[in-house]
Amino acid sequence: LCLMAAPGKVAAFRLPPLPTIGEIIKLFRLKALKQLSQNFLLDLRLTDKIVKQAGELKNAHVCEVGPGPGGITRSILSAGVEQLLLIEKDARFIPGLQMLSEAAPGKVRIVHGDILTYKMEKAFPKHLKKNWEDEPPDIHIIGNLPFSVSTPLIIKWLENVSKRDGPFIYGRTQMTLTFQKEVGERLTANPGSKQRSRLSIMAQHLCTVENCFIIPGQAFVPKPEVDVAVVHFTPLVQPKIQQPFELVEKVVQSVFQFRRKYCFRGIETLFPENGRLKRTEQLMMTANVDPTLRPFQLSMSQFRNLCNAYRKMCDEDPSLFVFNYREELRQKKMTRSLLGSPDQPEQTEEEKQL
């Protein structure tokens with residue numbers, strides 16, 4: 001274990017001999033649950049490679065999300081971290097993680113809980129806090145995320161980045177996470193790419209996003225139907241769109257409502273039916289955006305212009321921001337059914353899609 005090499009110096013940390021991950025799975029009769037979209041990574045060379053993408057972890061504080069049987073956990077501990085916080089929702093994995101904790105005395109804290117509700121504001125010591133403009137703190141989030149939780153979780157954390165709260169109360173905390181290959185491609189897609197999406201804009205306007213490498217599906221147990229991307233995030237000192245998260249998300253979501261149509265079709269959904277066309281034209285002209293571009297063709301600066309112009313319109317008419325296009329459609333549908341008129345028009349293609 002940790003031995004004194006010389007006064008005031010600590011030798012490199014080495015885990016004692018332990019059962020393999022496969023043996024742990026057999027020992028505790030662990031089985032990946034399909035309903036939780038669990039997939040185990042047993043190859044320690046791959047778990048080491050994931051951990052290496054996080055950067056220098058010696059003496060760092062790390063939070064691992066969903067450690068499961070503990071493959072990545074071993075690689076994190078072998079990197080010489082100061083403290084490792086494990087957040088695991090599935091109680092079946094806790095005994096195996098406790099075995100790892102005993103093998104690394106004083107280094108591991110296990111929380112049986114859900115990362116979507118866990119309060120990260122108090123997860124790390126206060127002395128690690130850095131100013132936002134400084135280098136990132138010595139804090140890292142690492143996780144092989146279940147596919148079912150990866151997208152809602154990264155959206156939640158991007159909102160935390162925007163508001164500088166949650167795990168980002170300590171500064172520009174870095175994240176190294178796994179996603180389905182397609183989601184990884186969306187997170188890093190450039191303008192014009194068919195993978196360009198709402199996720200591309202929300203991630204790239206707040207972070208430097210790097211698609212590190214792809215893990216083939218057959219490396220996991222059970223084998224998922226898709227390959228897996230390892231993605232690294234470093235929050236930017238200045239977001240590329242300097243507007244509240246909720247406003248950016250509303251504009252970006254609206255633009256991508258109809259990704260195969262001209263972008264003005266999605267932008268129309270920001271406005272009530274009464275005066276919709278006029279306000280859409282006003283927004284596009286103020287933002288200097290060609291209404292016949294497709295959503296995936298828009299650059300980050302064009303999204304910034306749209307958000308800034310929409311913010312100005314909302315400041316002039318606060319009722320605009322709370323307007324909900326789907327709710328307007330729902331009300332129209334209810335009115336139609338109440339009237340019960342056979343002459344009422346069929347739903348439009350857009351209404352069906354929404």
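The written sequence of each chain sets the order in which its residues are numbered from 1. The model is predicted, so local features are restricted to residues of pLDDT at least 70 and side-chain atom pairs to those at 80 or more, both for listing and for counting; the totals for chains, interfaces and linings are taken over all residues. Side-chain measures were taken over the full set of non-hydrogen atoms in the model, leaving aside hydrogen atoms and water.

The name an unreviewed UniProt entry assigns to the protein chain is rRNA adenine N(6)-methyltransferase, from the organism Toxostoma redivivum. UniProt positions are given in the numbering used here, feature names are shortened, and annotations may be inferred rather than shown by experiment. Note on the protein chain: under the UniProt heading Subcellular location (unreviewed entry), the record states "Mitochondrion".

Participant: What is the right way to look at the pairing of strand β5 (residues 83–88) in this model?
Facilitator: Side chains on a regular strand alternate between the two faces of the sheet. Each residue is placed in one exposure class: buried if its accessible area under a 1.4 Å probe, protein chains only, is under 20% of its type's maximum, exposed if it is over 50%, and partly exposed if it falls in between. Numbering goes from the N terminus for both helices and strands, where a helix is a DSSP run of H or I of at least four residues and a strand is a run of E of at least two. Counting buried residues along β5, 5 of its 6 residues qualify, which places the element largely inside the surrounding structure. Criterion used throughout: strands pair if DSSP finds at least two bridges between them. As defined by bridge partners, β5 adjoins strand β6 (residues 108–112) across 5 bridges and the pair is classed as parallel. Its bridge partner lying in β6, Ile87 is registered against Val111. By convention a crossover is right-handed if, when the strands point away from the viewer, the path from the first strand over the helix to the second runs clockwise. Between β5 and its parallel partner β6, the chain crosses via helix α4 (residues 94–103), and the hand of that crossover is right-handed.

Participant: It is not clear to me how the sheet that holds strand β8 (residues 174–180) should be interpreted in this structure. Could you clarify?
Facilitator: Backbone hydrogen bonds hold the strands of a sheet together, and the pairing may be parallel or antiparallel. Reading across from one edge, β6-β5-β4-β7-β8-β11-β9 is the order of the 7 strands in this open sheet, with mixed pairing throughout. One side of each edge strand has no neighbouring strand; the edge strands of this open sheet are β6 and β9 (207–215). Put simply, the sheet's adjacent strands are angled 20 degrees from each other on average, direction ignored. Sheet topology note: the β9/strand β11 (residues 228–235) ladder contains 8 bridges and is antiparallel. Looking at β11, one finds that Val209 is bridged to Phe233. Contacts are assigned to residue pairs that have any heavy atoms within 4.5 Å of one another. Here the axes come from fitting lines to C-alpha atoms, over the contacting stretch only for helices, and the angles between their N-to-C directions go from 0 to 180 degrees. Across the face of the sheet, α4 comes into contact with β5 and β6 while running at roughly 165 degrees to β6. Running over the sheet, helix α6 (residues 181–188) touches β8, β9 and β11 and is turned about 130 degrees from β8.

Participant: Got a minute to help me understand the UniProt feature "binding site: S-adenosyl-L-methionine" (unreviewed entry) in the protein chain in this structure?
Facilitator: Feature annotation in UniProt places "binding site: S-adenosyl-L-methionine" (unreviewed entry) on Asn39, Leu41, Gly66, Glu88, Asp114 and Asn144, given in this structure's numbering. As for its position among the elements, Gly66 is in the loop between β4 (61–65) and α3 (71–78). Within the element layout of this structure, Asp114 appears in the loop between β6 and β7 (139–143). Discounting chain neighbours no more than four positions away, the residues touching Asp114 are Ile87 and Lys89. Polar contact is the term for a pair of N or O atoms within 3.5 Å; when the atoms are in protein, one must be able to donate a hydrogen and the other to accept it, and sequence-neighboring residues count only if both atoms are side-chain atoms. Of the polar contacts made by the side chain of Asp114, one reaches the backbone nitrogen of Leu116; its length is 2.9 Å.

Participant: Would you mind going over helix α5 (residues 147–163) with me for this structure?
Facilitator: Working note: α-helix, 3.6 residues per turn, so residues spaced by three or four point in the same direction. By this rule, a helix spans an expected 1.5 Å times one less than how many residues it contains. In this model, α5 (17 residues) spans 25 Å end to end at C-alpha, consistent with the 24 Å of a helix rising 1.5 Å per residue. Along α5, the residues classified as buried are Phe147, Val149, Ser150, Leu153, Ile154, Ile155, Trp157, Leu158, Asn160 and Val161. Looking at the residues trailing α5, positive phi occurs at Arg164, about 55 degrees.

Participant: Would you mind going over helix α11 (residues 300–316) with me for this structure?
Facilitator: If you check α11, its first and last C-alpha atoms are 25 Å apart, about what 17 residues at 1.5 Å a residue would give, namely 24 Å. Listed in full, the buried residues belonging to α11 are Met300, Gln302, Phe303, Leu306, Cys307, Ala309, Tyr310, Met313 and Cys314. Residues of α11 that are buried make contact with α7 (198–204), α8 (245–255), α9 (263–268), α10 (276–287) and α12 (319–322).

Participant: What should I look at first to understand the pattern of salt bridges in this one?
Facilitator: Pairs can form between side chains of opposite charge whenever their charged atoms are close. Each reported salt bridge corresponds to a side-chain nitrogen of Lys or Arg within 4 Å of a carboxyl oxygen of Asp or Glu. Enumeration according to the criterion identifies 13 salt bridges in this entry. With its nearest N and O atoms 2.3 Å apart, the salt bridge here joins Glu182 to Arg186. Taken together, the residues span about one helical turn, with Glu182 and Arg186 both in helix α6 at a distance of 4 residues. Taking the shortest distance from any N to any O, the salt bridge between Glu273 and Lys332 comes out at 3.5 Å. Here Glu273, found in the loop between α9 and α10, pairs with Lys332, found in helix α13 (residues 325–339); they are 59 residues apart in sequence, far enough to count as distant. Each of Glu159, Lys163 and Glu246 takes part in one network of salt bridges that share partners.

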